[in-house]
Amino acid sequence: RDSSVTGVQTCALPICVKQGVLVRSVMQHSSADKAALKAGDVILRADDTTVTNPAELSTKLRGLAGKTFNVTVMRDHKETQVQVTLDAAPEISRH
């Protein structure tokens, strides 16, 4: 699965983590890359909201476009927080 909003591709979780969203890869120059998210991180919370699957994460991120917020990840068996700034959603022109 691919979440173009963050530049993160996700897949199934490692067995040691019960819920969250595994970061399979990070696109260069994306918001995720700028926040130093890494392949293998498991996203547990975005802006203090627990996420258990890629659909929940995508829904949460849509509401955070243009904002800076904390993301809690499991990295190397430790929880850590990274600060993410999402690019603003493009404006839709209606002519």
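Colleague: Where do I start with the overall build of the chain in this structure?
Modeller: Summing up its helical and strand segments, the chain has two helices and seven strands in all. Taken from the N to the C terminus, the helices and strands of the chain come in the order β-β-β-α-β-β-α-β-β. Taking the intrachain contacts of the chain between residues at least 6 apart in sequence as the baseline, contacts between residues at least 24 apart amount to 40%. A total of about 6200 Å² of accessible surface is found on the chain, and carbon and sulfur atoms cover 49% of it.

Colleague: Looking at this model, I keep getting lost on unusual backbone geometry. Mind explaining?
Modeller: Excluding glycine, most residues fall at negative phi; most peptide bonds, likewise, are trans. Residue alanine 36 is not a glycine yet carries a positive backbone phi of 70°. With respect to the element layout, alanine 36 can be found in the loop between helix H1 (31–34) and strand E4 (42–46). One non-glycine residue, histidine 77, lies in the positive phi region at around 70°. Relative to the helices and strands, histidine 77 resides in the loop between strand E6 (68–75) and strand E7 (78–85). With a relative accessible area of 71%, histidine 77 lands in the exposed category.

Colleague: Before we go on, may I ask you to explain the pattern of salt bridges in this structure?
Modeller: Between side chains of opposite charge, a pair can form when the charged atoms approach closely. Counted under the stated rule, the structure contains three salt bridges. In this structure, arginine 45 engages glutamate 79 in a salt bridge whose closest nitrogen and oxygen atoms are separated by 2.9 Å. Remark: glutamate 79 occurs in strand E7 and arginine 45 occurs in strand E4; sequence separation between them is 34 residues. By relative accessible area, which is 25% here, arginine 45 ends up partly exposed. A salt bridge links lysine 60 to aspartate 47; the nearest nitrogen and oxygen atoms lie 3.6 Å apart. Placement of the pair is lysine 60 in helix H2 (residues 54–62) and aspartate 47 in the loop between E4 and strand E5 (49–50), with a sequence separation of 13 residues. Since its relative accessible area comes to 23%, lysine 60 is described here as partly exposed.

Colleague: Honestly, the nonpolar core in this entry has me stumped. Any pointers?
Modeller: Proteins that are soluble and globular tend to have nonpolar side chains buried together. Judged by nonpolar contacts, the single largest core of 17 residues is most densely connected at Ile43, Leu57, Leu61, Phe69, Val71, Val84 and Leu86. Among the elements of the structure, strand E3 (21–26), E4, H2, E6 and E7 are those that each provide at least two residues to this core. Among the elements that make up this core, the one with the highest residue count is E6 (three residues). For valine 84, the residues in contact, after removing those within four places along its chain, are Ser31, Ala35, Lys67, Thr68, Phe69 and Val71.

About the cut-offs
Residues numbered from 1 in each chain as written. Predicted model: local features only at pLDDT ≥ 70, side-chain atom pairs only at ≥ 80, totals over all residues. Heavy atoms only, no water. Helix = DSSP H or I, 4+ residues; strand = E, 2+ residues; numbered from the N terminus. Contact = heavy atoms within 4.5 Å. Areas by Shrake-Rupley, 256 points an atom, 1.4 Å probe, with all protein chains shown as cover. Buried < 20%, exposed > 50% of the residue type's maximum accessible area, 1.4 Å probe, protein only. Salt bridge = Lys/Arg side-chain N within 4 Å of Asp/Glu carboxyl O. Core = buried A, V, L, I, M, F, W, Y, C linked by side-chain atoms within 4.5 Å.

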